[in-house]
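Summary of structural features
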Amino acid sequence: MSSEVISALLSFLGGLGLFLYGMDVMAEGLQQAAGNKTRKLLEAITNNRFMGMIAGALVTAIIQSSSATTVMVVGFVNAGLMSLIQACGVIMGANIGTTMTSWIVSMGEWAAFLKPEMIAPVLLVIGVGFKMFANKPKVKDGAKILIGFGVLFVGLSSMSGAIKPFTDAPIFKIVFETLGSNPLLAILAGAAVTAIIQSSSASMGILQTMAMAGAVNWGSAVFIALGQNIGTCITAVLSAISGDKNARRAAMIHLEFNVIGATIVGIAAFVFFMLNPSLMSANVNSSSLAIFHTGFNVFTTAMLFPFANALVKLSEYLVPQGKVRSNKNTPVLLDERFQQIPNAAFNALARELEIIRDDCVKLIRMSRACLLENGSQEDLKNEGKNILNACIEVKKYCSGIEMSSLDEHEKRDLQRALFSARDLHQIASDAIAIAKINENGLTAKHITPEMAEQIKTISSDCKHTLHHLRLQAGMKDKKPTDFDAYDDRETTKQNCKNIRQLISNLRQFYLTPAQDHASQDNAWLFLEAADCYERIALRCLRLINEDTWHKTKVVFANNDPILD
């Protein structure tokens, strides 16, 4: 192998690396710039498959990654947030949206000033300038998009320049003639390359680059492109392996869609080329490939859209058995797939924390039953253990989210989730501690009617406060107005103050020597339970008011500080 060939090969591989890296940077910038919009588009989906298809296409076009969209869909299905029929429409739309990259790659054929070697330096200079001197996160995200585009075009230029001197080499003619005459081999080649790099957009970009150099004929390009659409399913399949049966069925629907479409279009193309052999050997350009890529996905969607229910039933037949979770205490909503998609991850965290909050309300009710009604302490301990484990899982999940890819707002959302998990963990611990007081001697027969009534009042106030408080709005889909947030804080603050005042009065009452002997015998145990309820109230205040998170004191009034 001559040094000239080695140099060209290294130049092509280097260009490929820049192209893939540029795509990754561009997609990351687009996802960050899009913010919550892409997630909200998917979450607004109803049973209307058409709207699901539109949302899937828009989201994929925005974030420039069908893999990210399908992985998100698999995660939603796994968490029970999306049905298979909804997922079917989104997946179809994602296949259409992913063709946007092929149009970007072919821009160089439209006008001289859009050629990679012309546009790349301009994009890089502007992008780097904004990156270095801009302070606003949105501007920095825009700079990242421009830099990604610039690097992508540099990679395209490098690959095209490396191939161009060798387009007349016999090896290219032999390879593409072989692939054109053997459609199955071409489909397998396209699927294999795409599965390896896990991006149909990237593999299509490579094919388009070779087409721009005049090295690819129609006969091979069509079947390679069909294989690329099949190979892109590998990301969703790998993502679904760790999920339940519905997650794997969603991935199977993605595979069904592309295999059925590739089979039908492949057979039609084979017959067409048999009738038009001259077109099969004709060279194809980048823009023509973009048209074919888009046309294939639009045609397949139009063909299979009315049969979405059949695709779902076929997936249920192909994936009949569900997977038993190895850890039943792992929250189902905290899907690891979302950790690469911050907006979806924060939404899953918010939903999970609300579930934990409601479980804590139930635990407070169970703790009161243990005190007053001889309720099952074993049931309470098991329920409490599950809640504590769920809080720990939330913290672990937060640690798996890459901080470097988050903007300031997202970092604050992550902090909210961590502190909320901490406070809910402590509420559960205090509820468990209340039940254990029964073991220490505070049984129903020793509780006076007055004590029982007071416990009911305090516990009911705590339950009401916890149940009705709104967790930090930044992690929720529907953000409250400033007035609503203020009103929530003031209501919770007043409730907590009332609970503390009541407990303070009870302390004074039961610790007064003049009280009757029966009350004083269990006064310390009763007040120990009251202390736990007071701590629960304080945690409720911290859950609603992030200003208290970094403080060692929670202040209810100007001269009334309470140590955390």
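Residues numbered from 1 in each chain as written. Predicted model: local features only at pLDDT ≥ 70, side-chain atom pairs only at ≥ 80, totals over all residues. Heavy atoms only, no water.

1. Re the environment of Lys 436
Along the chain, Lys 436 turns up in helix 20 (residues 408-437). A residue is classified by how much of its surface remains accessible, and Lys 436, at 41% relative accessible area, is partly exposed. For Lys 436 and Gln 377, which are 59 residues apart along the polypeptide, the C-alpha to C-alpha distance reads 7.8 Å. (Helix = DSSP H or I, 4+ residues; strand = E, 2+ residues; numbered from the N terminus. Buried < 20%, exposed > 50% of the residue type's maximum accessible area, 1.4 Å probe, protein only.)

2. Topic: the nonpolar core
Counting 86 residues, the largest nonpolar core has Leu 349, Ile 356, Leu 466 and Tyr 533 as the members making the most contacts within it. In terms of residue count, the dominant contributor to this core is helix 18 (residues 342-372) (15 residues). Leave out the neighbours within four places in its chain, and Tyr 533 touches Ile 364, Ser 367, Arg 368, Leu 371, Ile 434, Ile 455, Ile 458, Ser 459 and Cys 462. By size, the runner-up hydrophobic cluster in this structure holds 48 residues, among which are Leu 114, Leu 123, Leu 226 and Phe 296. (Core = buried A, V, L, I, M, F, W, Y, C linked by side-chain atoms within 4.5 Å. Contact = heavy atoms within 4.5 Å.)

3. Topic: the side chain of Thr 209
Its place among the elements puts Thr 209 in helix 11 (residues 200-212). Taking relative accessible area as the criterion, Thr 209 reaches 0% and is therefore assigned buried. In contact with Thr 209, other than residues within four places in its own chain, are Leu 156, Met 159 and Ser 160.

4. Description of the packing of helix 3 (residues 49-63) against helix 4 (residues 66-78)
Two quantities define a packed helix pair, namely the angle between the axes and the distance from one axis to the other. Between helix 3 and helix 4, the least distance of the axes is 8 Å, while the angle of their chain directions is 130°. Judged on the interaxial angle alone, helix 4 and helix 3 are oblique. The two elements helix 3 and helix 4 cross, and the hand of that crossing is right-handed. Contacts between helix 3 and helix 4 pair Gly 56, Val 59, Thr 60 and Ile 63 from the former with Ser 66, Ala 68 and Thr 69 from the latter. Partitioning the contact of helix 3 with helix 4 into residue classes produces three nonpolar, four polar and no charged. (Axes fitted to C-alpha atoms, helices over the stretch in contact; angles between N-to-C directions. Parallel < 35°, antiparallel > 145°, perpendicular 65-115°, else oblique. Left-handed = near helix turned anticlockwise from the far one by under 90°. Nonpolar A, V, L, I, M, F, W, Y, C, P; charged D, E, K, R; others polar.)

5. As for the packing of aromatic side chains
Using the criterion set out here, one finds four aromatic pairs in the structure. Taking 6.2 Å as the distance between ring centres and 20° as the angle between the ring planes, the aromatic pair formed by Phe 149 and Phe 153 counts as stacked. Separated by four residues within a single helix, Phe 149 and Phe 153 lie in helix 8 (residues 137-163), roughly one turn from each other. Of the two residues, Phe 149 and Phe 153, neither departs from the other in class, the shared state being buried. Measuring from centroid to centroid gives 6.2 Å for Phe 223 and Phe 273, while their planes differ by 70°, and the two rings are edge-to-face. With Phe 223 in helix 12 (residues 218-231) and Phe 273 in helix 14 (residues 245-275), the pair connects residues that are 50 residues apart, well separated along the chain. The exposure classification of Phe 223 matches that of Phe 273, with both residues buried. By the ring-pair criterion, three or more aromatic residues cluster together here, those being Phe 223, Phe 272 and Phe 273. (Phe/Tyr/Trp six-rings, centres within 6.5 Å; stacked < 30°, edge-to-face > 60°.)

6. So, the packing of helix 4 against helix 14
The geometry of helix 4 relative to helix 14 is characterised by a closest axis approach of 7 Å and an angle of 145° between their N-to-C directions. Considering only the axes of helix 4 and helix 14, their crossing is right-handed. Residues Thr 70, Val 74, Val 77 and Asn 78 of helix 4 pack against Asn 246, Ala 247, Ala 250, Ala 251 and His 254 of helix 14. Within the contact of helix 4 with helix 14, the residues separate by chemical class into five nonpolar, four polar and no charged.

7. Observations concerning helix 12
Its 14 residues place the ends of helix 12 20 Å apart at the C-alpha level, agreeing with the 20 Å of an ideal helix rising 1.5 Å per residue. Buried residues dominate helix 12, accounting for 13 of its 14 residues. Between the side-chain oxygen of the N-cap and the backbone nitrogen of Gly 219 there are 3.3 Å, and the N-cap of helix 12 in question is Asn 217. (Expected span 1.5 Å × (residues − 1). Polar contact = N/O pair within 3.5 Å; in protein donor to acceptor, adjacent residues only side chain to side chain.)

8. Side note on the pattern of salt bridges
Taken as a whole and judged by the stated rule, the model has seven salt bridges. Here Asp 413 and Arg 416 are joined by a salt bridge, their closest N and O atoms 2.6 Å apart. Of the two residues, Asp 413 and Arg 416 both sit in helix 20, three residues apart, roughly one turn of that helix. There is no split in this pair, since Asp 413 and Arg 416 are both buried. Across the salt bridge formed by Arg 422 and Asp 423, the nearest N and O atoms sit 3.3 Å from each other. (Salt bridge = Lys/Arg side-chain N within 4 Å of Asp/Glu carboxyl O.)

9. Let's talk about empty space enclosed by the protein
Under the definition given, this model contains two cavities of 30 Å³ or more. Its volume calculated, the second largest cavity comes out at about 30 Å³. In terms of lining residues, the second largest cavity is bounded by Ile 455, Ile 458, Phe 526, Ala 529, Ala 530 and Tyr 533. Elements that contribute at least two residues to the lining of the second largest cavity include exactly helix 21 (449-468) and helix 24 (523-544). At four residues, the largest contribution of residues to the lining of the second largest cavity is made by helix 24. (1 Å grid on protein atoms, 1.4 Å probe; cavity = no way out; pocket = protein on both sides within 12 Å on 5 of 7 lines; lining within 4 Å. Points joined across faces, edges and corners; volume = space filled by probe spheres on them.)

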